[in-house]
Amino acid sequence: MRHILLAATLLAATVLDAGGAKADPDNFTEVERGKYLAIAGDCMACHIGADGKSMSGGHLLETPFGKISVPNITPDKETGLGRWSAEDFHRAMHEGKRPDGTHLYPAFPYPDFTKLSRADNDAIFAYLQALPPVRNAVDRDTLPFPFNIRLLMAGWNMLNFEPGEFRPDPQKSAEYNRGAFLVEGPAHCGLCHTPRNVMGGDKDSQLLQGAALQGWFAPNLTMDKRLGLGDWSEEELIAYLRTGRNDRAAASGPMAEVVAYSTSQMTDADLKAIAVYLRENGRVVNTSGDTTPLAADDARMRTGEAIYADTCKACHVADGSGVSRMFPRLANNQLVQQGDPTGVLRVILQGAQSAATPLSPTAPSMPSLGWRLNDQQVADVATYIRNAWGNAAPAVTADQVKKMREVTSARAE
């Protein structure tokens with residue numbers, strides 16, 4: 001009888017909580033569900049504090065309109081969410097508004113988080129309230145004029161935001177719909193992988209077709225064979241999300257954080273659901289165009305081949321096949337063939353550290369080559385990689401390398 005009464009009490013508390021009462025951080029089941037949703041949402045990657053373990057925020061997030069300081073979301077009463085209610089949190093997630101009604105910026109991806117249910121948001125809030133409070137005052141007004149005028153977000157929302165919970169497609173499987181919910185909702189994949197309009201909103205007609213951000217390039221996630229995932233198997237997708245690498249790619253930059261803090265901690269069933277959704281959702285998309293590779297006897301290709309043989313061949317092999325799960329193959333590599341060469345130039349100039357995950361704790365790195373290659377040499381070897389072994393992509397110019405070098409130098413300071 002005591003067990004029945006306890007279960008009834010917990011059920012009643014959950015029902016009251018879903019209706020808008022203060023979330024209960026002592027409800028273990030609710031907290032654990034909220035923790036998993038926070039992992040799926042990759043909250044730690046953005047909100048990680050200077051201590052490297054709390055979600056006390058404080059670092060500056062780059063946007064096209066300036067830098068935004070990331071808030072403290074621990075339950076500290078003075079500098080975090082300690083005085084927020086579950087209703088306040090739901091409003092932020094669902095409508096993009098603070099407790100006082102002022103607008104949040106979409107660097108906080110409420111256009112995606114709006115798809116979470118009230119019960120989902122209450123669970124996340126219960127988890128956040130169960131964390132140790134960390135006092136860390138964050139300056140929340142760092143954008144330059146006029147972007148620091150939050151009232152402008154009302155107009156932005158009218159043009160770029162439609163609130164509403166996720167609605168499954170009745171014509172699709174439960175697995176597909178679970179993947180759709182994760183990709184379009186908490187995981188907010190489109191925030192990085194969908195191109196932006198001049199106002200910073202999604203270009204819906206180019207959903208998941210790749211976009212430049214923060215000096216990197218988030219590649220195409222459609223089923224395009226040359227640029228996207230059309231040539232990837234379901235197993236390769238799952239391995240990449242689980243471990244940060246497969247024979248085709250190694251997660252680095254912002255994606256390494258996504259793998260380390262989010263996808264490597266998700267269930268196998270959810271990773272499979274994401275793979276199913278991406279493969280089915282993008283099946284009819286074709287973004288390749290009619291790109292023809294540069295001729296092998298082009299002067300840029302000959303110079304690039306010589307640089308590759310001297311600098312890159314030891315790891316990536318003469319035929320671009322790489323070393324399985326260690327050094328990604330460059331032949332038939334979708335990242336290096338993107339129309340925007342930002343990703344490949346960033347790695348050549350600055351180097352990269354791949355993700356370390358429980359199943360793949362060794363994180364191979366790519367050394368920086370910017371110190372030993374001038375702009376034209378980088379352009380030539382990038383052009384060669386993008387057009388050798390069956391690859392095809394526009395040639396890279398020295399001016400593009402110069403601009404990328406300026407970007408990497410500014411971020412290193």
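Model, not experiment: these values are computed from the prediction.

Reading guide: rules and limits
- Residues numbered from 1 in each chain as written.
- Predicted model: local features only at pLDDT ≥ 70, side-chain atom pairs only at ≥ 80, totals over all residues.
- Heavy atoms only, no water.
- Pairing = 2+ DSSP bridges.
- Helix = DSSP H or I, 4+ residues; strand = E, 2+ residues; numbered from the N terminus.
- Buried < 20%, exposed > 50% of the residue type's maximum accessible area, 1.4 Å probe, protein only.
- 1 Å grid on protein atoms, 1.4 Å probe; cavity = no way out; pocket = protein on both sides within 12 Å on 5 of 7 lines; lining within 4 Å.
- Points joined across faces, edges and corners; volume = space filled by probe spheres on them.
- Nonpolar A, V, L, I, M, F, W, Y, C, P; charged D, E, K, R; others polar.
- UniProt positions renumbered as here; feature names shortened; annotations may be inferred.
- Axes fitted to C-alpha atoms, helices over the stretch in contact; angles between N-to-C directions.
- Parallel < 35°, antiparallel > 145°, perpendicular 65-115°, else oblique.
- Contact = heavy atoms within 4.5 Å.
- Expected span 1.5 Å × (residues − 1).
- Polar contact = N/O pair within 3.5 Å; in protein donor to acceptor, adjacent residues only side chain to side chain.
- Salt bridge = Lys/Arg side-chain N within 4 Å of Asp/Glu carboxyl O.

Trainee: How should the pairing of strand β2 (residues 66-69) be read in this particular structure?
Mentor: Each regular strand shows side chains that alternate between the opposite faces of the sheet. Here strand β1 (residues 60-63) pairs with β2 via 4 bridges, running antiparallel. When the sheet's bridge partners are listed, T63 is paired in β2 with G66. Adjacent in sequence and paired antiparallel, β1 and β2 are bridged by 2 residues.

Trainee: What exactly am I supposed to notice about helix α15 (residues 342-350) here?
Mentor: A turn of α-helix holds 3.6 residues, and therefore any two residues three or four places apart point the same way. Counting buried residues along α15, 8 of its 9 residues qualify, which places the element largely inside the surrounding structure. Positive phi shows up at G351, right after α15, with a value of about 80°.

Trainee: Teacher, can you tell me more about empty space enclosed by the protein here?
Mentor: A probe matching the size of a water molecule, rolled over the atoms, marks out where space remains unfilled. Throughout the structure, instances matching the rule amount to 1 cavity of 30 Å³ or more. Reported here for the largest cavity is a volume of approximately 40 Å³. In terms of lining, the largest cavity is formed by L37, G41, C43, M93, F113, L116, I124 and P186. The residue inventory of the lining of the largest cavity, partitioned by class, reads 7 nonpolar, 1 polar and no charged.

Trainee: Is there a simple way to think about the UniProt feature "domain: Cytochrome c" (unreviewed entry) in the protein in this case?
Mentor: Within this numbering scheme, the UniProt entry marks residues 29-132, 174-282 and 299-389 as carrying the feature "domain: Cytochrome c" (unreviewed entry). Regarding residues 29-132, the helix share stands at 42% and the strand share at 8%, and the terminal C-alpha atoms are separated by 18 Å.

Trainee: What is the right way to look at unusual backbone geometry in this model?
Mentor: With the exception of glycine, the majority of residues adopt a negative phi angle, and the majority of peptide bonds are in the trans configuration. Even without being a glycine, D42 presents a positive backbone phi close to 55°. Its place among the elements puts D42 in the loop between α2 (28-40) and α3 (43-47). Take D42: its relative accessible area is 11%, and that puts it in the buried class. Positive phi values are uncommon outside glycine, yet N332 reaches one of about 55°. Under the relative-accessibility criterion, N332 is labelled partly exposed at 25%.

Trainee: What exactly am I supposed to notice about the packing of helix α13 (residues 299-311) against helix α16 (residues 375-387) here?
Mentor: Packed helix pairs are characterised by how far apart their axes lie and by the angle those axes make with each other. Two numbers describe how α13 lies on α16: the axes approach to 7 Å, and their chain directions differ by 95°. Considering the angle they form, α13 stands roughly perpendicular to α16. Residues R300, M301, T303, G304, E305, I307 and Y308 of α13 form the contact with α16, whose own contacting residues are Q377, D380, V381, T383, Y384, I385 and N387. A breakdown of the residues in the contact of α13 with α16 according to their chemical character gives 6 nonpolar, 5 polar and 3 charged.

Trainee: How should I be thinking about helix α12 (residues 268-281) in this particular structure?
Mentor: Between its terminal C-alpha atoms α12 stretches 20 Å, which fits the 20 Å expected from 14 residues at 1.5 Å a residue. Within α12, the full set of buried residues consists of D270, L271, A273, I274, A275, V276, Y277 and L278.

Trainee: In this structure, what is going on with the environment of V378? I would like to understand it.
Mentor: Structurally, V378 can be placed in helix α16. On a C-alpha basis, the gap between V378 and V336 in space is 14 Å, while along the polypeptide they are 42 residues apart. Excluding residues that lie within four positions of it along the chain, V378 makes contacts with L345, I348, L349, L373, V401 and R405.

Trainee: It is not clear to me how the side chain of H90 should be interpreted in this structure. Could you clarify?
Mentor: Relative to the helices and strands, H90 resides in helix α4 (residues 86-95). Reaching out from H90, the side chain makes a polar contact with the side chain of N121 at a distance of 2.9 Å. Setting aside residues no more than four positions away along its own chain, H90 makes contact with E95, R118 and N121.

Trainee: Would you explain the pattern of salt bridges in this entry?
Mentor: Two side chains with opposite charge may pair up if their charged atoms get near one another. One pass over the structure, following the stated rule, counts 19 salt bridges. Where R167 meets E165, a salt bridge forms, and the shortest distance between an N and an O atom there is 3.8 Å. Using a relative accessible area of 61% as the deciding quantity, one classes R167 as exposed. Here E165 falls in the partly exposed class, since its relative accessible area comes to 34%. Residue K272 is joined to E234 by a salt bridge in which the shortest nitrogen-to-oxygen separation is 3.7 Å. With a gap of 38 residues between them, K272 in helix α12 and E234 in helix α10 (residues 234-243) connect regions that are remote in the sequence. Classification of K272 by relative accessible area gives partly exposed; the value is 29%.

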